[in-house]
Amino acid sequence: MRLQRTSRVDVTQTGLSHDQESSDCREAYKFNARGLFIGGAPKSGTTLLMSLLDSHPQLVTMPEETCYLEDWKKYLELKDYPSKLRILLGRLRALTGTDCIEVSGGGGTAVHHYAHFDYNRFVATAEEFTRHPEMNDSLLLSEIIRAYGIVAGSDWQNSVCWVEKTPGTETRAGLFDELFPEARLIQMVRDPRAVFASRKSRAVKNNGCYTEAHRLIRSWNSSAREIPRLRRDPSRFLIVRYEELVKNPREVLETVCRFGEFEFNECMLEPTRGGVPWQGNSAFDQAFNGINATATEKWKERLTEDEIWWIELHCRKGMELMDYPLQTDARFSLRRWLKRLPDESLKGYIRARRDSLRQWMGLVGDCRYDR
């Protein structure tokens with residue numbers, strides 16, 4: 001895969017002198033080399049870790065997901081950077097300050113996290129950056145984060161890292177290495193039973209049932225199967241267990257700081273998002289202040305024995321990699337396998353059993369660990 005680059009344009013087109021143009025490009029490339037990504041399966045604590053880095057004075061942290069690698073096929077279809085920028089801005093529309101985020105369950109308080117943010121200036125700065133004569137597909141992402149940092153008042157010139165969080169980044173190894181060869185990545189891993197319970201709870205709350213008993217398994221395995229590869233290069237990749245982060249936050253965050261080569265700061269113990277105190281996005285209808293470990297064992301209350309067996313049957317290999325102890329024998333049982341899970345729709349039941357068979361036949365690449 002080749003990075004797309006524009007040809008050098010005449011300075012009269014950019015309005016910059018040669019010295020200004022050269023200096024701006026140097027700043028862009030220097031900033032680009034400082035990437036720190038956060039990945040992991042959805043509901044694994046990626047947002048929590050991002051929020052703990054959000055106010056660190058040595059970091060420029062994008063508080064919303066860009067989904068840049070996830071959307072890569074869309075970018076490949078476009079030949080000019082203004083069009084690509086529009087996709088990125090679409091992903092970041094929460095920064096307009098008009099999107100509400102619920103901070104307490106049961107239809108409780110909703111707030112604007114970014115009402116203080118000058119979105120129009122952010123867009124104008126990002127558009128200016130995309131006109132750089134040296135713009136390429138790697139710079140596109142780091143430049144929009146630099147634009148955010150400028151508008152948010154971050155000391156981006158002296159920053160150690162810029163931070164971007166999108167679940168699943170770790171699963172796109174080839175693209176990640178090609179676009180950001182100097183970047184580092186932290187993979188968040190959470191007990192799949194807790195992930196399943198959280199995502200199921202949200203689906204049932206919204207729809208009255210859920211249809212993804214195997215899809216949830218598949219997304220967790222897709223992330224977990226990357227663990228052996230990431231462990232082979234500890235200079236670029238760090239694996240963090242969600243349970244350890246919430247139970248021993250200072251110790252884990254000190255490890256994160258050593259990995260990213262920035263200093264530990266007490267502000268990291270108070271989660272923020274866009275500089276505003278953040279109360280979490282729990283699917284269990286609870287808001288909380290600070291780091292909270294109560295959700296780590298919620299799955300034991302929310303899941304039946306059959307659901308726990310279903311998860312362990314399909315996620316056993318990944319659980320063993322991360323030392324998550326099994327609660328069932330995780331052995332195949334036709335009676336259990338045929339049994340419909342609580343709140344599982346009929347359509348979801350048929351789809352899940354089909355995909356379960358495909359996994360055991362080795363036809364679901366996201367669930368294969370033999371690489």
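If you're wondering where the values come from, they're calculated on a predicted model, not measured in any experiment.

A. Representation of the packing of helix α10 (residues 215-224) against helix α15 (residues 305-321). Following both chains from N to C, one finds α10 and α15 inclined at 10 degrees, their axes separated by 10 Å at the closest point. It follows from the interaxial angle that α10 and α15 lie roughly parallel. Where α10 approaches α15, its residues I217, W220, N221 and A224 are matched on the opposing element by W310, I311, H314, C315, G318, M319 and L321. For the contact of α10 with α15, the residue count by class is eight nonpolar, three polar and no charged.

B. Molecular detail of the side chain of D137. Note on placement: D137 falls in helix α7 (residues 137-152). Of note is the side chain of D137, whose polar atom sits 3.3 Å from the side chain of Y81.

C. Focus on the sheet that holds strand β1 (residues 35-40). Taken in spatial order, the five strands of this open sheet run β2-β5-β1-β6-β7, and their pairing is parallel. Edge positions in the open sheet fall to β2 (59-61) and β7 (237-241), since each of these has one partner strand only. The sheet shows a mean angle of 20 degrees between the axes of neighbouring strands, direction not considered. Sheet topology places β1 next to strand β5 (residues 161-165); four bridges connect them, and they run parallel. Residue pairing in the sheet places F37 in a bridge with E164 of β5. Each of β1, β2, β5 and β6 (184-189) touches helix α3 (residues 46-53); the most contacted strand, β1, lies at about 150 degrees to it. Against the sheet, α7 engages β1, β2 and β5, with an angle of about 105 degrees to β5.

D. Broad picture of the packing of helix α9 (residues 192-207) against α10. Their axes nearest at 10 Å, the elements α9 and α10 cross at an angle of 135 degrees. Here α9 is positioned oblique relative to α10, judged by the angle of their axes. Crossing handedness for the pair α9 and α10: right-handed. Within the contact between the two elements, α9 uses P192, V195, F196, R199 and K200 and α10 uses L216, I217, S219 and W220. In the contact of α9 with α10, the residues fall into six nonpolar, one polar and two charged.

E. How the structure looks around helix α17 (residues 346-360). With 15 residues, α17 should cover 21 Å at 1.5 Å per step; its first-to-last C-alpha distance of 22 Å lies within 8% of that length. Where α17 is concerned, the buried positions are G348, Y349, A352, R353, D355, S356 and Q359. G362 lies just past α17 and shows a positive phi near 80 degrees.

F. Representation of the pairing of β5. Extensive coverage of β5 is indicated by the burial of five of its five residues. Alternating residues of β5 divide into C161, V163 and K165 and W162 and E164, and every residue in both groups is buried. Note that β2 and β5 share three bridges and pair parallel. By the bridge assignment for β5, L59 is matched with C161.

G. Local environment of the side chain of H314. Positionally, H314 belongs in helix α15. Residue classification places H314 among the buried residues on the basis of a relative accessible area of 4%. Among the polar contacts made by the side chain of H314, one reaches the side chain of S356 at a distance of 2.7 Å. Other than its neighbours up to four places away in sequence, H314 contacts H214, I217, N221, S356, Q359 and W360.

Calculation criteria
Residues numbered from 1 in each chain as written. Predicted model: local features only at pLDDT ≥ 70, side-chain atom pairs only at ≥ 80, totals over all residues. Heavy atoms only, no water. Axes fitted to C-alpha atoms, helices over the stretch in contact; angles between N-to-C directions. Helix = DSSP H or I, 4+ residues; strand = E, 2+ residues; numbered from the N terminus. Parallel < 35°, antiparallel > 145°, perpendicular 65-115°, else oblique. Contact = heavy atoms within 4.5 Å. Nonpolar A, V, L, I, M, F, W, Y, C, P; charged D, E, K, R; others polar. Polar contact = N/O pair within 3.5 Å; in protein donor to acceptor, adjacent residues only side chain to side chain. Pairing = 2+ DSSP bridges. Left-handed = near helix turned anticlockwise from the far one by under 90°. Expected span 1.5 Å × (residues − 1). Buried < 20%, exposed > 50% of the residue type's maximum accessible area, 1.4 Å probe, protein only.

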